[in-house]
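Next come the chains, spelled out residue by residue.
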Amino acid sequence: MSKSKSSETVKVVVRCRPLNRKEESNGPAGSIVQMDLRLGQVILRNPRAPASEPQKTFTFDAVYDANSKQRDLYDESVRPLIDSVLAGFNGTIFAYGQTGTGKTYTMQGVWMDPEKRGVIPNAFDHIFTHISRSQSDKQYLVRASYLEIYREEIRDLLNPNHANARALELRENPETGVYVRDLTSCVCKSIKEIEEVMNVGNQARAVGATDMNEHSSRSHALFLITVECSQPGPDGRKHIRVGRLNLVDLAGSERQAKTGVQGERLKEATKINLSLSALGNVISALADGRSSHVPYRDSKLTRLLQDSLGGNAKTVMVATLGPAPQHYDETLTTLRYANRAKNIQNQPRVNEDPKDALLREFQKEIARLRAQLNHRKWRNKQKKEQVDGEGWERDEDGETEGEEDEEVEKEAEEYVKLEEQRLEREKDAIREDQFLLAEEKQRLLGEKERMMGDLRKEQEATEQLTAKYKAMESKLLVGGKNIIDHTNEQQKMLEIKRQEIAEQTRTEREMQQQMLVQDEETLELRETFTSLQQEVEAKTKKLKKLYAKLQCIKAEIRDVNDDHVTSRQELEQTQNELTRELKFKYLIIENFIPPEEKNKIMNRLTFDPEEDQWKFQPLVPAESKSLQMKKRPTSAVGYKRPISQYARVAIAMGTHSRYRVSMCVVVQDSIKIPQVLNLHYNRDEGSVQQKLGGLIVHILLRPSPLTCVPCSGQFVHTQMVLWSTTVDML
Ligand code: ADP
Ligand code: MG
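Treat the numbers as computed from the prediction; the structure is a model and nothing was measured.

Each value, and the rule that gives it
Residues numbered from 1 in each chain as written. Chains lettered and ligands numbered in written order. Predicted model: local features only at pLDDT ≥ 70, side-chain atom pairs only at ≥ 80, totals over all residues. Heavy atoms only, no water. UniProt positions renumbered as here; feature names shortened; annotations may be inferred. Helix = DSSP H or I, 4+ residues; strand = E, 2+ residues; numbered from the N terminus. Buried < 20%, exposed > 50% of the residue type's maximum accessible area, 1.4 Å probe, protein only. Pairing = 2+ DSSP bridges. Phe/Tyr/Trp six-rings, centres within 6.5 Å; stacked < 30°, edge-to-face > 60°. Near = heavy atom within 4 Å. Polar contact = N/O pair within 3.5 Å; in protein donor to acceptor, adjacent residues only side chain to side chain. Areas by Shrake-Rupley, 256 points an atom, 1.4 Å probe, with all protein chains shown as cover. Nonpolar A, V, L, I, M, F, W, Y, C, P; charged D, E, K, R; others polar. 1 Å grid on protein atoms, 1.4 Å probe; cavity = no way out; pocket = protein on both sides within 12 Å on 5 of 7 lines; lining within 4 Å. Points joined across faces, edges and corners; volume = space filled by probe spheres on them. Salt bridge = Lys/Arg side-chain N within 4 Å of Asp/Glu carboxyl O. Contact = heavy atoms within 4.5 Å. Expected span 1.5 Å × (residues − 1). Patch = residues over 30% accessible without salt bridge, like charges linked within 9 Å, V, L, I, M, F, W, Y side chains within 5 Å.

### Section: the UniProt feature "binding site: ATP" (unreviewed entry) in the protein chain
Right, on to step 1. Per the UniProt annotation, the sites labelled "binding site: ATP" (unreviewed entry) are Gly97, Gln98, Thr99, Gly100, Thr101, Gly102, Lys103 and Thr104.
Right, on to step 2. Counting through the fold element by element, Gln98 comes out in the loop between strand 7 (90-97) and helix 3 (103-107).
Right, on to step 3. Looking at Gln98, the relative accessible area reads 9%, which means it is buried.
Right, on to step 4. Position of Gly102 among the secondary structure elements: in the loop between strand 7 and helix 3.

Next comes the structure, spelled out in structure tokens:
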């Protein structure tokens, strides 16, 4: 399955957006980010530090400043990746950065403006242009999916009911890695179609959100494209290569404030951050190179992108920065994050003839439909020739392509037409036959009618089969055939030149960076000193340089330490909150849930390693469910529904309070003495609240199967209330 196997690092590029109007009007402080495009360096100025403090410099594979063009970023940094995907590699592009720094601008841009189209629309153009220009012996199948991860839930943006649908699950396949189960995947035949898919997804994303900015800054959007290509190999067999491309617009990387947040809100905040912090941990573990455990399983995002980080994929990370002084800290964090990602090693390889290639299935299905269709047509042709009185012999080699195919089709159609005419004639003859009895006439006419119906049915079936075959075939793109390339030769030349220039810029930058490193190393070796004085001067200069470097590194260590301390404090705080909540839950379990009930629940729990979480086993095994459910609960013998002891007594006593709630056991303070509460419930309101010593009891009567039972009894059943009782400390 694997072909060329080599290791390569994650490519990291940094982009800084221009100052916006608001930032410009904030004063003359200007940008804190400077870029050296030639060397691929970012120089960051700390607006709060004295001028004497050295500035921080980071080096990346490429940097793009405020004046950078979308096209340049694409040609230099993304095009080679898409080319690899078209050759059968897996590829991933991440946009990482604080909200408002241009992640979505970089990934999507302004669709209507050709100058401002981002990575995704440019990739669409690139893929389909490549197909249209490839040789005609290649067949392609392009599929797209669009999903979003929000609060650790995966949502399918192409499913029309995604807002109501259950969150999707991740599954693992030893062959192809981690995938999303039941994810919608659309076959796309042209740029227009794939753009439509993107649009549908973007709209679905916006519909679910009350505040789109807020939502997009907290959710991760993944657009997935699979390109399958089949081509005859030297052995004469068709080989399939599958390239998968992930285009990822991550949630805003800014720290979510967790301080002072409790309960549900805390959980929400932790979940929103989870995928990003897990991504950070994975990057750290991989960059470190020493840790044996990489925590991919900590979040949905890292599991889904496992291959892109340290696995079988080529990866480009675009880190986006804002130039405003007030965001210095976030900008520095982004740069450090990006700097770490540079060290990740991937092992990309071509995915050749994987078992799950859809293209292979399509080809098989097309061949099957074709054979079926040919069989039908030959059969009709044969009948026609029998009608015509000609002898007929079937071609043994079965070659029915091209003209011969068309001829068969024509003859088959002709046969159907002739048959119809013949039947009509026969019917007329029967009607006009004077010697036949009326009954006999009717029977013969009916028979002919039936034959006509059969003929029509047969024809319809053939038409359906043809339509299915054509629809199936049209999904496959044949190199240079299905999509017409409108670019003229001159434009093509221009494109090639532009790509060459981008390639050149890239190699130039790499060489410059290498030279810089080598210069520092060999400076000493090359220097020969004529006098002691000169040597002292040179060495002092060097000492100063090294001293400055030392100071930089010391400052860096201080910063990293500070950072570490803050995140540690935050984690400790989160841990405290979670421990408190856990204790509270334990308290409730210990005091409110009878031990035998608890054991029952514990026995039903099983760990699902796929989902990485604990799950309940169903009460009744799935196969016997229907049988068991039909039985009446033993407590309900003689009654319409299960009913509590208290309610039975109350009925016997004749107390007439239709919606009285019985036996709601709440325990006070040290939670020892049970109390029986009688709460009056108004059906229209749907909930009750009652103060009880130091507690507030909320009772929510949610619709449950029990409430659906026609209520001829007097009481709402106890269980129904207890299921939805929550207790708050005052
Ligand atoms: P994010 O997705 O990171 O939250 P956006 O992509 O929505 O940020 O960008 C925020 C704003 O900045 C948008 O109005 C966008 O047009 C503008 N912007 C971002 N990057 C650039 C850029 N390189 N050039 C011009 N405008 C940009
Ligand atoms: Mg965005």
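### Focus on the pairing of strand 10 (residues 170-173)
Right, on to step 1. Relative to strand 11 (residues 177-180), strand 10 runs antiparallel, the two being bridged by four bridges. Within the sheet, the bridge partner assigned to Leu170 lies in strand 11 and is Val180.
Right, on to step 2. Connecting strand 10 to the next strand, strand 11, in antiparallel fashion are three residues.

### Digging into the packing of aromatic side chains
What describes a pair of aromatic rings is the distance from one ring centre to the other and the angle between the planes of the rings.
Right, on to step 1. Tallying each qualifying case throughout the model produces six aromatic pairs.
Right, on to step 2. Seen from their ring centres, Tyr146 and Phe223 are 5.1 Å apart, and the 75 degrees between their planes marks the pair as edge-to-face. Taken as a pair, Tyr146 in strand 8 (residues 139-150) and Phe223 in strand 13 (residues 220-232) lie far apart in primary sequence, 77 residues in all.
Right, on to step 3. What makes Tyr146 buried here is its relative accessible area of 1%.
Right, on to step 4. Residue classification places Phe223 among the buried positions, given a relative accessible area of 0%.

### A closer look at the site of ligand 1
Right, on to step 1. Close to ligand 1 lie Arg15, Arg17, Pro18, Gln98, Thr99, Gly100, Thr101, Gly102, Lys103, Thr104 and Tyr105, which account for all nearby residues.
Right, on to step 2. A distance of 2.7 Å is found between an oxygen atom of ligand 1 and a backbone nitrogen or oxygen belonging to Gly100.
Right, on to step 3. Here ligand 1, which alone exposes 560 Å², has 64% of that area covered by the protein.
Right, on to step 4. Sorting elements by how many residues they give to the shell around ligand 1 places helix 3 first, with three residues.
Right, on to step 5. Residue classes in the shell around ligand 1 are distributed as two nonpolar, six polar and three charged.

### Describing empty space enclosed by the protein
Right, on to step 1. All told, the structure shown has five cavities of 30 Å³ or more when counted by the stated rule.
Right, on to step 2. For the second largest cavity, the calculated volume is near 50 Å³.
Right, on to step 3. Lining the second largest cavity, in full, are Gln108, Ile120, Tyr146, Met198, Arg205, Ala221, Leu222, Phe223, Leu247 and Asp249.
Right, on to step 4. Of all the secondary-structure elements, those providing two or more residues to the lining of the second largest cavity are helix 5 (191-208), strand 13 and strand 14 (238-249).
Right, on to step 5. If one sorts the elements of the lining of the second largest cavity by residue count, strand 13 sits on top with three residues.

### Topic: the pattern of salt bridges
Right, on to step 1. The full count for this structure, using the stated rule, is 42 salt bridges.
Right, on to step 2. Ionic pairing is found between Asp454 and Arg450, a salt bridge with its closest N-O pair at 3.9 Å. A residue pair is termed a helical-turn pair when its members lie 3 or 4 positions apart in one helix, as Asp454 and Arg450 do in helix 12 (residues 438-475) at four residues.
Right, on to step 3. Among the salt bridges present, the one from Lys492 reaches Glu489, with a minimum N-O distance of 3.7 Å. Placement of the pair is Lys492 and Glu489 together in helix 13 (residues 489-526), with a separation of three residues, close to one helical turn.
Right, on to step 4. Where salt bridges share partners, they join Lys56, Arg336, Glu556 and Asp559 into one cluster.

### Things to note about the environment of Ala319
Right, on to step 1. By secondary structure assignment, the location of Ala319 is in strand 15 (residues 314-321).
Right, on to step 2. Look at Ala319 and you get buried, because its relative accessible area is 1%.
Right, on to step 3. The spacing of Ala319 and Leu335 is 16 residues in sequence and 7.5 Å in space, taken between C-alpha atoms.
Right, on to step 4. Beyond its immediate chain neighbours, meaning those up to four positions away, Ala319 contacts Val13, Val14, Arg15, Tyr96, Thr334 and Ala338.

### Considering helix 9 (residues 328-341)
Owing to its 3.6 residues per turn, the α-helix brings residues three or four apart onto one side.
Right, on to step 1. Between its first and last C-alpha atoms helix 9 spans 20 Å; for 14 residues at 1.5 Å apiece the expected length is 20 Å, and the two agree.
Right, on to step 2. A large share of helix 9 lies buried, amounting to ten of its 14 residues.
Right, on to step 3. Taken residue by residue, helix 9 has Tyr328, Glu330, Thr331, Leu332, Thr334, Leu335, Arg336, Tyr337, Ala338 and Ala341 as its buried positions.

### Comments concerning a nonpolar patch on the surface
Right, on to step 1. Together, Tyr105, Val110 and Met112 line one region of the surface with nonpolar side chains, adding up to about 330 Å² of accessible area.
Right, on to step 2. Within the secondary structure layout, Tyr105 lies in helix 3.

### So, the pairing of strand 9 (residues 153-156)
Right, on to step 1. The alternating pattern of strand 9 places Ile154 and Asp156 on a buried face, while none of Glu153 and Arg155, on the opposite face, is buried.
Right, on to step 2. Hairpin remark: strand 8 followed by strand 9, antiparallel, with two residues in the connecting loop; positive phi at Arg151, about 50 degrees.

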